[in-house]
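Geometric and topological summary
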Amino acid sequence: MTSPVRTGQAQPMSRQEFGERFQQRFADPAFERERQALARLEQIAWEAFQDGRKAPITVKAGEGFSDPGYDLSREWRDLHLRLKEAQAQWADRATPSRLLVINASPRNDGSCPGEMSKTWRLTQIARRAGESEGLNVQVLDLSRLTSDYDRHIHPCKGCVSTAMPLCHWPCSCYPNHASGQTNDWMAEIYEQWVRAHGVLLLTPVHWYQAPSPLKLMMDRLVCADGGNPDPTSTQGKKAQLARELELRGWDYPKHLAGRVYGLVVHGDVAGIDGTRRALSDWLDWMGLVDAGFGARLDRYIGYFEPYATSHDALDDDAAVQEEVRQAALAVARAVPLLRDGLLRQSDEKLLRPRPK
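Below, the structure is looked at part by part. This is a predicted model, so every value here is computed, not measured.

Calculation notes
Every chain's residues receive numbers from 1 upward, in the order its sequence appears when written. Only residues with pLDDT of at least 70 get local features here, since the model is predicted, and only at 80 or more are side-chain atom pairs given and counted; chain-wide, interface and lining totals rely on the full set of residues. Computation of side-chain values covers all heavy atoms of the structure but excludes hydrogens and water. Only DSSP runs of H or I with at least four residues qualify as helices, and only runs of E with at least two residues qualify as strands; both kinds are numbered from the N terminus onward. Two things to know: the radius of gyration comes from C-alpha atoms, and the globule rule equals 2.2 Å times the number of residues to the power 0.38. Only the protein chains shown count as covering a residue, and every accessible area follows the Shrake-Rupley method with a 1.4 Å probe. His is not counted, nor are the chain ends; Lys and Arg add positive charge and Asp and Glu add negative charge. Taken as the charge location is NZ of Lys, CZ of Arg, CG of Asp or CD of Glu. We call a set of buried residues a nonpolar core when its members are Ala, Val, Leu, Ile, Met, Phe, Trp, Tyr or Cys and they connect through side-chain atoms within 4.5 Å of each other. Accessible area is worked out with a 1.4 Å probe on protein chains only. A residue is then buried under 20% of its type maximum, exposed over 50%, and partly exposed in between. When checking whether two residues touch, look at their non-hydrogen atoms; a contact exists if any pair is within 4.5 Å. Geometry of aromatic contacts follows a simple scheme: Phe, Tyr and Trp rings, the Trp one being its six-membered ring, pair when their centres are within 6.5 Å, and the pair is stacked under 30 degrees between planes, edge-to-face over 60, tilted otherwise. We call a charge positioned above a ring when the Lys NZ or Arg CZ atom is no farther than 6 Å from the ring centre and deviates by at most 35 degrees from the ring normal. For each structure, a 1 Å grid was placed over the protein atoms alone; sets of points admitting a 1.4 Å probe that cannot get out are labelled cavities, open sets with protein on both sides within 12 Å along at least five of seven lines are labelled pockets, and lining residues have an atom within 4 Å of a point. Grid points are joined across faces, edges and corners, and a volume is the space filled by probe spheres set on the points. Amino acids are sorted into nonpolar (Ala, Val, Leu, Ile, Met, Phe, Trp, Tyr, Cys and Pro), charged (Asp, Glu, Lys and Arg) and polar (every other residue, Gly among them). Note on pairing: two strands pair once DSSP finds at least 2 bridges between them. When the strands point away from the viewer and the connection leading from the first strand across the helix to the second strand turns clockwise, the crossover is called right-handed.

Right, let's talk about the overall build of the protein for a bit. A count of helical and extended segments in the protein gives 11 helices and 8 strands. Relative to a compact globule of 356 residues, whose C-alpha radius of gyration would be 21 Å, the protein shows 22 Å and is just as compact. Overall, the protein is about 60 × 55 × 40 Å in size when its C-alpha atoms are taken along their principal axes. Entry remark: accessible area of the protein is about 19100 Å², with carbon and sulfur atoms responsible for 52%. In the protein, 45 positive and 47 negative side-chain charges are present, and the distance between their average locations comes to 5 Å.

Attention shifts here to the environment of P204. For P204, the location among the structural elements is in strand β5 (residues 198-204). For the pair P204 and I272, spaced 68 residues apart in sequence, the C-alpha separation works out to 8.2 Å.

Moving on to the nonpolar core. Counting residues in each nonpolar core, the largest one holds 50 residues, and the members touching the most others are I102, L142, I189, Y190, W193, M217 and W282. Every element with two or more residues in this core is listed here: α3 (74-91), β3 (98-103), α6 (186-195), β5, α7 (212-220), α8 (239-248), β6 (260-267) and α9 (272-285). Counting residues per element, this core draws most heavily on α6, which supplies 5 residues. Other than its neighbours up to four places away in sequence, W282 contacts W193, L201, M218 and L221. Counting 29 residues, the second largest nonpolar core, distinct from the first, contains V137, V289, L297 and A327.

Before going further, it helps to spend a moment on the packing of aromatic side chains. Following the criterion strictly, the structure yields 10 aromatic pairs and no others. In this structure an aromatic cluster arises from ring pairing among F18, W46 and F49. In this arrangement the basic side chain of R352 is found over the ring face of W285, its NZ or CZ atom lying 4.4 Å from the centre.

This paragraph deals with the layout of surface pockets. Its volume calculated, the largest pocket comes out at about 900 Å³. Lining of the largest pocket is provided by 33 residues; of these, K54, K157, C173, N176 and K237 occupy positions nearest its centre. Counting only elements with at least two residues in the lining of the largest pocket, the list comes to β2 (71-73), α3 and α8. Residues of the lining of the largest pocket, tallied by class, amount to 14 nonpolar, 11 polar and 8 charged. As a volume, the second largest pocket reaches approximately 780 Å³. Every residue lining the second largest pocket is counted, 23 residues in all, and those nearest its centre are K254, G287, Q345, D347 and E348.

Counted according to the given criterion, the structure contains 2 cavities of 30 Å³ or more. The space that makes up the largest cavity amounts to roughly 80 Å³. As for the largest cavity, its lining consists of 14 residues, and the residues nearest its centre are C156, C167, C171, C173 and V222. Split by residue class, the lining of the largest cavity holds 8 nonpolar, 3 polar and 3 charged. Put simply, the second largest cavity is a space of about 40 Å³. Along its surface, the second largest cavity is lined by R98, L99, L100, N136, Q138, Q192, R195 and A196. Those elements that place two or more of their residues in the lining of the second largest cavity are β3, β4 (136-141) and α6.

Let's shift gears to the pairing of β3. Here β3 lies mainly inside the structure; 5 of its 6 residues are buried. Summarising the sheet, β3 and β4 pair through 6 bridges and their orientation is parallel. Looking across to β4, one finds that L100 is bridged to Q138. The parallel pair β3 and β4 is bridged by helix α4 (residues 118-132), and the resulting crossover is right-handed. Looking at chain direction, β3 and β5 are connected through 5 bridges and run parallel. By the bridge assignment for β5, I102 is matched with L201.

Attention now moves to the environment of E191. Here E191 shows up in helix α6. Considering only alpha carbons, one finds E191 and A86, 105 residues apart in sequence, at a separation of 6.9 Å. Those residues in contact with E191, other than ones at most four positions away along the chain, are R82, L83 and A86.

Set out below in structure tokens:
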């Protein structure tokens, strides 16, 4: 027997508060001449919010789902099909090897800091190294969250903690049109991860931890580790159905397993070793395969020196530049070994006694 679903935490929003929040996006006086039009749009948005029209455009789920007649979000189903195609290409030995290089720093010269990040410079070193090995390299620059118009990685809503099957692969929590939670970048990011044969993550340390864009992406990748590829099995987000599914026995599928990874963490005072270990544990848990000791790097750049000269410190540190290049080479060279079955984990066929 499943435990009851606890409710009562969510707080209602008044019509006035909704209107104030809606209008904040149009505070620029340039919108003043369109106030009447905005008021009409506000009323439409309020009605959608009240009705909970999360996915206003739907399609029948169709073949391959437990309930083919269920109305799925068209945006979710389109992404689901793209990921299936991407996974098939990833598994096809005729597909060129792909390396995803991720810049996790939020700093760039198109936003408030007015300057590129050291992580971005290290990312370019890694990119060139991967290309020198003949890999198709794609760069994911998470700093675009801070400089692009209306680009978001919306926060994870914690569906897993209610029941694993309630967390859909890919995430179905967004877009939520009723709540204005749109332009979610993760739809593209999921596809980039699925297509990659190798992933190299480069990040600074912010307050002893991963920076916020990276943590947002990490949390939203939880659906890749045990997520449910069939939202019709839970009739959307019906918590009780998801609990019953999990308690009947859930296999916690690892949708990104079998990719090679490397990791570069840098800081200026403290926190690099703890952050590197946490990120390594996260990637290991998802079933990715590390490319060796040299591909998991933590280093200080400009240790206890002023922030104002940190780029100069990187210029002077030829050793760390070379170490980053070698970390990228380690990942790039591990990719074909893994694809050819020559790089294996000794525990890959052992069943976990306590999967989760």
